[in-house]
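# Chain and residue survey
Below, each chain spelled out in residue letters.
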Amino acid sequence: MADNRALDNWDFLRTPRQDWPLRPVAERVGDWGEVHATRRLLPIVADQASRCMDCGIPFCHSACPLGNLIPEWNALVARDDWRDAAERLHATNNFPEFTGFLCPAPCESGCVLGIDDAPVTIKAIEAAVAVRAWEEAWECPRPPERHSGRSVAVVGSGPAGLACAQQLTRAGHTVVVYERDDRPGGLLRYGIPAFKMDKALLDRRLAQLVAEGTRFRTGADIGGAAGAGALLTRHDAVVIAVGATAARELPVTGRELAGVHQAMTYLTQANRVQEGDYAHPPISAAGRHVVIIGGGDTGADCLGTALRQGAASVVQLDIKPQPGVERAANEPWPVHARVHRVSPAHQEGGQLVRDGAVQAGDRTGLPGEDALRDVRVYSAATVSFDGDAQGRVTALRLADAEAGTRRALPGTERVIPVDLVLLALGFTGPEPGGLTAPFALRTTPTGAFARDAHYAGGRPGVFVAGDAGRGQSLVVWAIAEGRAAAACVDAYLNPDGTTTLPLPVAPTDRPMAL
Ligand SMILES: Cc1cc2nc3c(=O)[nH]c(=O)nc-3n(C[C@H](O)[C@H](O)[C@H](O)COP(=O)(O)OP(=O)(O)OC[C@H]3O[C@@H](n4cnc5c(N)ncnc54)[C@H](O)[C@@H]3O)c2cc1C
Ligand code: SF4
């Protein structure tokens, strides 16, 4: 029911920012459920939405790759008009619950209120609207009214492939999604842990896509066991949305020792336990001394996973120096700045160390207070691993990294005992496979698949979307690229070369920066 209360846009003066509460650490590390206290969001969200100033030039809107109509749905939520808010939200975002739970919210960095106050809790409002839209059954399958008679293959079922498939199916094309894994979802399924986003949200969207007419073929490794060439004869267009999951390596002595693993191997197994594929993961942190190498999101996901598995100790190494708590001068508002952020997993690590539930590993290099708060060690360069007679890793040699060059500084070397090392060093691009030759794809200097301004790459009728063309990025960029590539495919398939589908980002668009 809409509330006709006149909003004076001054609520930001009266209402402080209130974040979506998290469940207590002791409770949440005992399960794999979502870290947020889900039911505690709705009561606060309308007041939080009323903090939006309707500022005239909403930088939040430009900072969101999807161009989400943030001030519009903030105003609707503040007036208790949730149904219209859900409609406006879905106008620009196929999967707002994915971004509502997972996005690092560059929009909040661009919020005008954030210049001298705490920004609006845009991401939490997005999550609340998305959750309510499903609860009220406003979100339902929207099959096309007519079929075009044209068919499209989408290779890869991550957020880019799914957004592209949904847009094209709704536009009337017959879409088949080919996925090499046994279940669709890409990194939403086997990369990102369930404590960040419940997999039921993914399954619900997949059911919606199926009900609209999108078909899924899992276990179809295109370019591997499943031939790539046949796709071009079977379909009128092919969208390559295979992600960028070729993991960066750490070429140091001892890398080959047992107990040193790529993060994605570890996270995939942990996610498969949640899917019911294993009772216990083949690689587990239970009772082990764990070092995570890499300071990004993947490292944080390893940390949260290791804590839930019952690690004896955990240290996360970041080769970069610790960022400041304030924006650096070269990253002014509205840029999404690199500042010291404490993710729920880092909060969990700090508290479990303070409580004595997890041992503190090496904290050298952190000021006293931080050493208690954080499991991260900054400016830390891994020199080598030591092993025992059975070839198992036993220790990690580490040194301070020189600022700039990141070289190990002589005389700073020390040793951490370890029996599980997780490499979370980022990704170099799409995995090498049999896609390049049959589709005539070219690789850019950064390792991604090249495409033109219309997302076309390789042979006529072949398009590239998501991390495969952009490099490892974010869910919000993947959805935006999937939508944009769908518009280009639709224009390619339509006899008059036009489309009415939205094109939120160009392949060359990048996050706001100086
Ligand atoms: C551990 C981890 C945590 C992350 N956490 C976040 C987060 O919290 N928030 C956020 O915004 N972003 C996060 N990201 C980034 C985000 O997940 C990705 O940017 C996003 O999933 C990219 O979507 P995509 O569709 O391009 O590719 P992907 O999600 O990688 O999906 C590609 C799909 O293609 C399939 N595929 C590959 N090759 C073939 C083939 N030859 N034939 C058939 N199928 C194939 C793969 O199996 C996969 O299912 C995270 C990434 C990682 C690795
Ligand atoms: S998708 Fe991300 S950037 Fe866009 S409004 Fe949602 S939280 Fe903000």
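So, here is what we can say about the structure in this document. Keep in mind that this is a model prediction, so the values were computed, not measured.

### Looking at the pattern of salt bridges
Per the stated rule, a full pass over the model turns up 35 salt bridges. Between Arg272 and Asp182 there is a salt bridge, with the nearest N and O atoms lying 3.0 Å from each other. Taken together, the residues Arg272 in helix 14 (residues 263-275) and Asp182 in the loop between strand 2 (174-179) and helix 11 (187-190) connect sequence positions 90 residues apart. Put simply, Arg189 and Glu275 hold a salt bridge, and the shortest N to O gap is 3.0 Å. Taken as a pair, Arg189 in helix 11 and Glu275 in helix 14 lie far apart in primary sequence, 86 residues in all. Ionic contacts of the salt-bridge type, sharing partners, join the residues Asp182, Arg183, Arg189, Asp203, Arg272, Glu275 and Asp277 into one network.

### Here's the deal with helix 10 (residues 159-170)
In a regular helix each residue adds 1.5 Å, so 12 residues correspond to 16 Å; helix 10 covers 16 Å between its end C-alpha atoms and thus fits that length. The buried fraction of helix 10 amounts to 11 of the 12 residues, a majority that puts the element mostly inside the structure. The positive-phi residue at the C-terminal boundary of helix 10 is Gly172, with phi of around 105°.

### Comments concerning the site of ligand 1
Taken together, 35 residues lie near ligand 1, and Leu102, Glu179, Lys196, Ile222 and Asp467 sit nearest. With respect to ligand 1, the backbone of Leu102 contributes an N or O atom lying 2.9 Å from a nitrogen atom. Taking Ile222, its main chain carries an N or O atom lying 2.8 Å from a nitrogen atom of ligand 1. Contact with the protein chains hides 96% of the accessible area of ligand 1, taken as 1000 Å² for the molecule alone. Looking at side-chain class alone, the shell around ligand 1 contains 18 nonpolar, 10 polar and seven charged residues.

### Comments concerning the sheet that holds strand 11 (residues 380-387)
Ordered in space as 11-12-13, the three strands form an open sheet in which the pairing is antiparallel. Two strands bound the open sheet, and with one partner strand each, they are strand 11 and strand 13 (414-417). For this sheet, the mean angle separating the axes of adjacent strands, direction not counted, is 30°. Judged from the seven bridges that link them, strand 11 and strand 12 (residues 393-400) form a sheet pairing that is antiparallel. Residue pairing for strand 12: Phe385 is matched across the bridge by Leu396.

### A short note on the pairing of strand 4 (residues 237-240)
Here strand 4 shows two buried faces, one formed by Ala237 and Val239 and the other by Val238 and Ile240. Pairing of strand 1 (residues 151-155) with strand 4, which is carried by four bridges, proceeds in the parallel orientation. Within strand 4, the position partnered with Val154 by the bridge is Val239. Bridge analysis of strand 4 against strand 16 (residues 462-464) gives three bridges, and the strand direction is parallel. By the bridge assignment, Val238 is partnered in strand 16 with Val462.

### Description of the site of ligand 2
All residues in the neighbourhood of ligand 2 are listed as Cys64, Asn68, Ile70, Thr99, Cys103, Ala105, Pro106, Cys107, Ile122, Lys123, Glu126 and Val476. Counting residues per element, the shell around ligand 2 draws most heavily on helix 9 (residues 122-135), which supplies three residues. Its residues assigned to classes, the shell around ligand 2 shows eight nonpolar, two polar and two charged.

Rules used throughout
- Residues numbered from 1 in each chain as written.
- Chains lettered and ligands numbered in written order.
- Predicted model: local features only at pLDDT ≥ 70, side-chain atom pairs only at ≥ 80, totals over all residues.
- Heavy atoms only, no water.
- Salt bridge = Lys/Arg side-chain N within 4 Å of Asp/Glu carboxyl O.
- Helix = DSSP H or I, 4+ residues; strand = E, 2+ residues; numbered from the N terminus.
- Expected span 1.5 Å × (residues − 1).
- Buried < 20%, exposed > 50% of the residue type's maximum accessible area, 1.4 Å probe, protein only.
- Near = heavy atom within 4 Å.
- Polar contact = N/O pair within 3.5 Å; in protein donor to acceptor, adjacent residues only side chain to side chain.
- Areas by Shrake-Rupley, 256 points an atom, 1.4 Å probe, with all protein chains shown as cover.
- Nonpolar A, V, L, I, M, F, W, Y, C, P; charged D, E, K, R; others polar.
- Pairing = 2+ DSSP bridges.
- Axes fitted to C-alpha atoms, helices over the stretch in contact; angles between N-to-C directions.

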